[in-house]
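Architecture at a glance
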Amino acid sequence: MAEWGRKMFVTPGVVVDGELVTNSLVDINLNIRILLGSSYYDDWQGQETFVAQDPLGNPIDKRHPWNQTTIPRPQKRDFKGNYTWVMSPRWLDQRTGDHLALDTGGGPIARLWSTALSGLVDIGYVQATGHSVKINLPKTALLPETEFEWHIPKWSNTLERDRARTYFQAYAAATALHFVEKALAELNAGRTATWSEFKVPEEAIGCGFHEAVRGVLSHHVVIREGKIANYHPYPPTPWNANPRDMYGTPGPYEDAVQNTPLFEENGPDKFKGIDIMRTVRSFDPCLPCGVHMYLGDGKILETRHSPMFGVAGHE
């Protein structure tokens, strides 16, 4: 898995304080920990352990997704206690023992940052240099040949997340052209198969790491008697939107908006939270329209009643 991960067109990796800690998917997978934090679930430490070790002999922690059991505990929201249905994924840094609240950076900035530091991608149209990513778009009918170069920024913030998203449009276009050329080469060689036959094993564990538009997406499955015994996916949203964990570490959204200067001139009655919303949405959440401000005590702004069809004398 580590080998095919390094052959991806976006190099996987964990970056801490600007340093590439690992680009091995084996290491990345092994050190994922799911902490409850301030979420509406009960602990599963007394539940079944599905996987004690992986095929390489590495021990698997009880808080790894392979061993997770989801036990919902609905309750009233309490911002000093539990306040969300999102758990707290963390990555255990074996060097320090810290459980890190890694963010997927809104997708593009994390992809570009990790790819740049590893320096493995080189397909002509895209090249990772170790400190940047060069993107070369060929001449078209309307535009000349163009080269872009994304440099690792000093900070990861709202502006840099949005800037990286724009660069990744060029990255996606360049790799798409590469894919088309490779596909045509396969067709011209007579290799037209588009899938490989697969038989579900009787007993197995598996995981897959991919990129959703907004960031990393991993799947973790346990198979017994040819059936799914345990399965947990971890898309970008829980990585970014998670609450404070058992160590008091906030998730990326919370961390990003804390101590944010507010330049909005609206008072409490008309407060929109533009500065806060801009920051959260720079992570490209899957439901940007569902990101709203909660101001505490609610009040009725407007009440409307729409009669049902056929009521009030209408035919």
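Quick notes on the rules
- Residues numbered from 1 in each chain as written.
- Predicted model: local features only at pLDDT ≥ 70, side-chain atom pairs only at ≥ 80, totals over all residues.
- Heavy atoms only, no water.
- Buried < 20%, exposed > 50% of the residue type's maximum accessible area, 1.4 Å probe, protein only.
- Helix = DSSP H or I, 4+ residues; strand = E, 2+ residues; numbered from the N terminus.
- Pairing = 2+ DSSP bridges.
- Polar contact = N/O pair within 3.5 Å; in protein donor to acceptor, adjacent residues only side chain to side chain.
- Contact = heavy atoms within 4.5 Å.
- Phe/Tyr/Trp six-rings, centres within 6.5 Å; stacked < 30°, edge-to-face > 60°.
- Axes fitted to C-alpha atoms, helices over the stretch in contact; angles between N-to-C directions.

Here is the key point about a regular strand: its side chains alternate between the two faces of the sheet. Strand E4 (residues 88-93) sits mainly inside the fold: six of its six residues count as buried. Burial along E4 is two-sided: the residues Ser88, Arg90 and Leu92 and Pro89, Trp91 and Asp93 are all buried. In this structure, strand E3 (residues 32-35) lies alongside E4, joined through four bridges in antiparallel fashion. If you follow Leu35 over to E4, its bridge partner there is Ser88. Pairing analysis gives three bridges linking E4 to strand E5 (residues 98-100), with the strands arranged antiparallel. In the strand pairing of E5, Leu92 is matched with His99. Count of turn residues in the E4/E5 antiparallel hairpin: four residues, of which Gly97 carries a positive phi of about 80 degrees.

Moving on, we come to the side chain of Ser39. Along the chain, Ser39 turns up in the loop between E3 and E4. At a separation of 2.3 Å, a polar atom in the side chain of Ser39 contacts the main-chain carbonyl oxygen of Leu36. Apart from residues lying up to four places away in sequence, Ser39 is in contact with Asn82, Thr84, Val86, Met87 and Pro243.

In the structure shown here, the tally under the stated rule is eight aromatic pairs. Between Phe9 and Phe179, the ring centres sit 4.9 Å apart and the planes meet at 75 degrees, which makes this aromatic pair edge-to-face. With a gap of 170 residues between them, Phe9 in the loop between helix H1 (2-6) and strand E1 (14-16) and Phe179 in helix H4 (residues 158-188) connect regions that are remote in the sequence. When its relative accessible area of 33% is taken as the criterion, Phe9 is described as partly exposed. A residue is classified by how much of its surface remains accessible, and Phe179, at 39% relative accessible area, is partly exposed.

Take the sheet that holds strand E6 (residues 126-128) next. If you walk across this open sheet you meet the three strands as E6-E7-E8, and the pairing is antiparallel. Here the strands that pair on one side only, and so sit at the sheet edges, are E6 and strand E8 (146-151). Averaged over all adjacent pairs, the angle separating strand axes in this sheet is 15 degrees, with direction ignored. In the sheet, E6 pairs with strand E7 (residues 132-137) via three bridges, with the strands oriented antiparallel. Paired with Ala128 across the two strands is Val133, which belongs to E7.

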